[in-house]
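Inside the fold
Residues per chain, in single letters:
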Amino acid sequence: MALPNLAHEKEKHILDAAENRFARFGFSKVTMDEIAQDIGLAKASLYYYYPTKENIFRAVIARKQDKFLQNTKGILQHPDPAREKLKAYVRQRIALGNQLLNFSALNSTFWQESKPGFKDLFVTFSRQEMDMITTIVSEGKQNNEFEVASPEKTAELILHVLLGLRLRFLQATQAHGETREQIENFEQQVDFLIDTLLQGIVKRSSL
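Calculation rules
Residues numbered from 1 in each chain as written. Predicted model: local features only at pLDDT ≥ 70, side-chain atom pairs only at ≥ 80, totals over all residues. Heavy atoms only, no water. Core = buried A, V, L, I, M, F, W, Y, C linked by side-chain atoms within 4.5 Å. Buried < 20%, exposed > 50% of the residue type's maximum accessible area, 1.4 Å probe, protein only. Helix = DSSP H or I, 4+ residues; strand = E, 2+ residues; numbered from the N terminus. Contact = heavy atoms within 4.5 Å. Polar contact = N/O pair within 3.5 Å; in protein donor to acceptor, adjacent residues only side chain to side chain. Salt bridge = Lys/Arg side-chain N within 4 Å of Asp/Glu carboxyl O. pLDDT = per-residue confidence, 0-100. Expected span 1.5 Å × (residues − 1). Phe/Tyr/Trp six-rings, centres within 6.5 Å; stacked < 30°, edge-to-face > 60°. Lys NZ or Arg CZ within 6 Å of the ring centre and 35° of its normal.

Looking now at the nonpolar core. Core analysis: the biggest nonpolar cluster contains 47 residues, and F22, I35, L46, I56 and I133 have the highest contact counts within it. Of all the secondary-structure elements, those providing two or more residues to this core are α1 (2–25), α2 (32–38), α4 (53–77), α5 (82–103), α7 (119–142), α8 (151–176) and α9 (180–201). The element that contributes the greatest number of residues to this core is α5, accounting for eight residues. Here I56 is in contact with I14, L15, A18, F22, M32, I35, L46 and Y50, once residues within four sequence places are set aside.

Take the environment of K53 next. Turning to its location among the elements, K53 is positioned in helix α4. Note on K53: relative accessible area 15%, which makes it buried. If near-sequence neighbours (up to four positions away) are discounted, K53 is found in contact with F22, F27, S28, V30 and M32.

With respect to the helices and strands, K85 occurs in helix α5. Classification of K85 by relative accessible area gives buried; the value is 3%. In this structure the side chain of K85 is engaged in a polar contact, spanning 2.9 Å, whose partner is the backbone oxygen of H78. Apart from the residues lying within four places of it in its own chain, the contact partners of K85 are I75, L76, H78, D80, I136 and E139.

Another aspect to go through is the pattern of salt bridges. Considering all chains together, one arrives at eleven salt bridges under this definition. Across the pair K12 and D16 runs a salt bridge whose closest N-O atoms are separated by 3.0 Å. A residue pair is termed a helical-turn pair when its members lie 3 or 4 positions apart in one helix, as K12 and D16 do in helix α1 at four residues. The partner of D120 in a salt bridge is R58, and the shortest N-O contact between them spans 2.5 Å. Taken together, the residues span a long stretch of sequence, with D120 in helix α7 and R58 in helix α4 at a distance of 62 residues. The exposure class of R58 is partly exposed, given its relative accessible area of 26%.

Should pLDDT be low for a region, the predicted coordinates there are not to be read in detail. Averaged over every residue, the pLDDT of the protein is 80; the share at 70 or more is 79%. At the low end of the mean pLDDT range in the protein sits helix α6 (residues 108–114), at 54; at the high end sits α2, at 94.

Along its 25 residues, α4 runs 37 Å from first to last C-alpha, staying within 8% of the 36 Å computed at 1.5 Å per residue. Restricting attention to buried positions, one finds in α4 the residues K53, I56, F57, A59, V60, I61, K64, Q65, F68, L69, T72 and I75.

Note that K64 resides in helix α4. Apart from the residues lying within four places of it in its own chain, the contact partners of K64 are E19, L96, Q99 and F103.

This part takes up the packing of aromatic side chains. If you walk through the whole model with that rule in mind, you get six aromatic pairs. Consider the rings of Y48 and Y49, whose centres lie 5.2 Å apart with planes at 85°: the pair is edge-to-face. You can call Y48 exposed: its relative accessible area is 67%. Here the aromatic cluster, defined as three or more aromatic residues joined through ring pairs, consists of F22, F27 and F57. Taking the ring centre of F27 as reference, the NZ or CZ of K53 above it sits at 4.3 Å.

This next bit is on unusual backbone geometry. A positive phi angle, near 65°, is found at N144, a position not held by glycine. With respect to the helices and strands, the residue N144 is situated in the loop between α7 and α8.

Here you go:
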């Protein structure tokens, strides 16, 4: 049992180092040599675990997605009202999106060109997101907080609008570069979206 555990720890160290590099410099400016040097690993050993930089990047993204989903499960289990759970979910989703942007040095072209290679990751993640949001909306409906005909369609609408706002943010940063003002504006837009949505679906008696 020791060898698998050691291998797991080695992979964790590799991904920790790679994540730090991608967050600081973006995918395109990071090399396999740098990742190996950061943890004192021979490059040949690094290639044993991850044959390409894309393999490491994919593993880093998958780990970030898994951590996000684990955190959101905690939101679902919390006794807060459904509307607070939805807001908490969206805040964590914004944070994840910003982290992924940092990995690609805030370059929307990277994601447009690379997404086919990671398609299965994003398709699976989108399904899991849909399930999470649907669970929150369904809970709100059962508790008479939300008045919706279909929790599934409502969840799909929320997810699509969030993705639309994210795309607008990507286009803005691609054209003009990222600024703190743009980030704050994006966060305000998302807050406004959720508040507007809740005003439309929350029963007045539950406010």
